[in-house]
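Structural features, examined
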Amino acid sequence: MNASSLFHSTILLTKINTLSWRPWLWRQQKFLSPRLAVPLFPVAGKKNSCDLLALSETDLEEQFVRGDGPGGQATNKTSNCVVLKHIPSGIVVKCHQTRSVELNRQRARGILQQKVDLFYKGENSDIFKEKRAAEKKKQEKKKRAKETLEKKRHIKEMQESDAK
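Residues numbered from 1 in each chain as written. Predicted model: local features only at pLDDT ≥ 70, side-chain atom pairs only at ≥ 80, totals over all residues. Heavy atoms only, no water.

Looking up the chain in an unreviewed UniProt entry gives the name Mitochondrial translation release factor in rescue, with the organism given as Mauremys mutica. According to the UniProt record, the Sequence similarities (unreviewed entry) comment for the chain reads "Belongs to the prokaryotic/mitochondrial release factor family." (UniProt positions renumbered as here; feature names shortened; annotations may be inferred.)

1. Section: the packing of aromatic side chains
Tallied over the entire structure, the rule returns one aromatic pair. Plain terms: the ring middles of Phe 119 and Tyr 120 are 5.1 Å apart, the flat faces sit at 80 degrees to each other, and that makes the pair edge-to-face. Given a relative accessible area of 44%, Tyr 120 falls into the partly exposed group. (Phe/Tyr/Trp six-rings, centres within 6.5 Å; stacked < 30°, edge-to-face > 60°. Buried < 20%, exposed > 50% of the residue type's maximum accessible area, 1.4 Å probe, protein only.)

2. Quick word on the pattern of salt bridges
Evaluated as defined, the whole model comprises six salt bridges. Of the charged contacts in the structure, one is a salt bridge between Glu 57 and Arg 109, with a shortest N-O distance of 3.1 Å. Of this pair, Glu 57 sits in the loop between helix H2 (23–31) and strand E1 (60–65) while Arg 109 sits in helix H4 (residues 101–121), and the two are 52 residues apart along the sequence. Comparing Glu 57 with Arg 109, the two get one shared label, buried. We note a salt bridge from Arg 105 to Glu 62, for which the minimum N-O separation is 2.8 Å. With Arg 105 in helix H4 and Glu 62 in strand E1, this pair connects stretches of sequence that are 43 residues apart. Residue class for Arg 105 comes out buried when judged on its relative accessible area of 2%. A cluster of three or more residues bridged by salt bridges with shared partners is formed by Glu 57, Glu 62, Glu 102, Arg 105 and Arg 109. (Salt bridge = Lys/Arg side-chain N within 4 Å of Asp/Glu carboxyl O. Helix = DSSP H or I, 4+ residues; strand = E, 2+ residues; numbered from the N terminus.)

3. Re the state of the cysteines
In total, this model carries zero disulfides according to the counting rule given. Cysteine Cys 81 shares no disulfide, and the gap to the nearest cysteine sulfur, in Cys 95, comes to 7.3 Å. Of the residues examined, Cys 95 reaches a relative accessible area of 1% and is grouped as buried. (Disulfide = S-S within 2.5 Å.)

4. Here's the deal with the sheet that holds strand E2 (residues 81–86)
As summarised here, the arrangement of the three strands in space is E1-E2-E3, forming an open sheet in which the pairing is antiparallel. Two strands lie at the open edges of the sheet, namely E1 and strand E3 (91–95), each paired on one side alone. The sheet shows a mean angle of 15 degrees between the axes of neighbouring strands, direction not considered. Alignment of E1 against E2, held across six bridges, turns out to be antiparallel. Bridge pairing in E2 links Glu 62 to Leu 84. (Pairing = 2+ DSSP bridges. Axes fitted to C-alpha atoms, helices over the stretch in contact; angles between N-to-C directions.)

5. Side note on the side chain of Asn 80
Considering the arrangement of structural elements, one finds Asn 80 in the loop between helix H3 (73–76) and E2. Assessed through its relative accessible area of 7%, Asn 80 is described here as buried. A distance of 2.9 Å separates a polar atom in the side chain of Asn 80 from the backbone oxygen of Arg 99. (Polar contact = N/O pair within 3.5 Å; in protein donor to acceptor, adjacent residues only side chain to side chain.)

6. Brief notes about helix H5 (residues 126–163)
If you check H5, its first and last C-alpha atoms are 55 Å apart, about what 38 residues at 1.5 Å a residue would give, namely 56 Å. The N-cap residue of H5 is Ser 125: its side-chain oxygen and the backbone nitrogen of Ile 127 are 3.3 Å apart. (Expected span 1.5 Å × (residues − 1).)

7. A look at the environment of Asn 80
In this structure, the C-alpha to C-alpha distance between Asn 80 and Thr 98, residues 18 residues apart in sequence, is 8.3 Å. Contacts of Asn 80, omitting those with residues within four sequence positions, involve Val 65, Cys 95, His 96, Thr 98, Arg 99, Val 101 and Asn 104. A polar contact of 3.1 Å, which involves the side chain of Asn 80, links it to the side chain of His 96. (Contact = heavy atoms within 4.5 Å.)

8. Here we look at the side chain of Glu 57
Classification of Glu 57 as buried rests on a relative accessible area of 19%. Among the polar contacts listed, one links the side chain of Glu 57 to the side chain of Arg 109, at a separation of 3.1 Å.

Set out below in structure tokens:
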């Protein structure tokens, strides 16, 4: 074996090792590619999440910390809580919704993507518009319930006055 073939086999082994221990990076680059403006997986409960800003993996700082809350030893001894920071904006998201690290990573990225979109677009953000529409719908529902209650009270008073 000469020096050049030894050099090439060392590079090959290095490439294989780096790819095998970080398969999640490849998946995440596919999931949040800067070239794609549309995430491959829709955000839960959102009909059109295609207008969200794309996140770059180079702008993210990720940590795995121990979770807290109910769950006892299973929660306190495992580091499946994901803390994700968007370096340019300084927004930090902590996600410990499931026991799976991979699911927590995906959910943290989705939450961070929404927060970054809201941070940069402000009132023009689709998320802000959806929240405003939901609040308006809730207020209208509350108003209708109040009107219905008033009608019932009025009918009850009319029945009582007729009974006398």
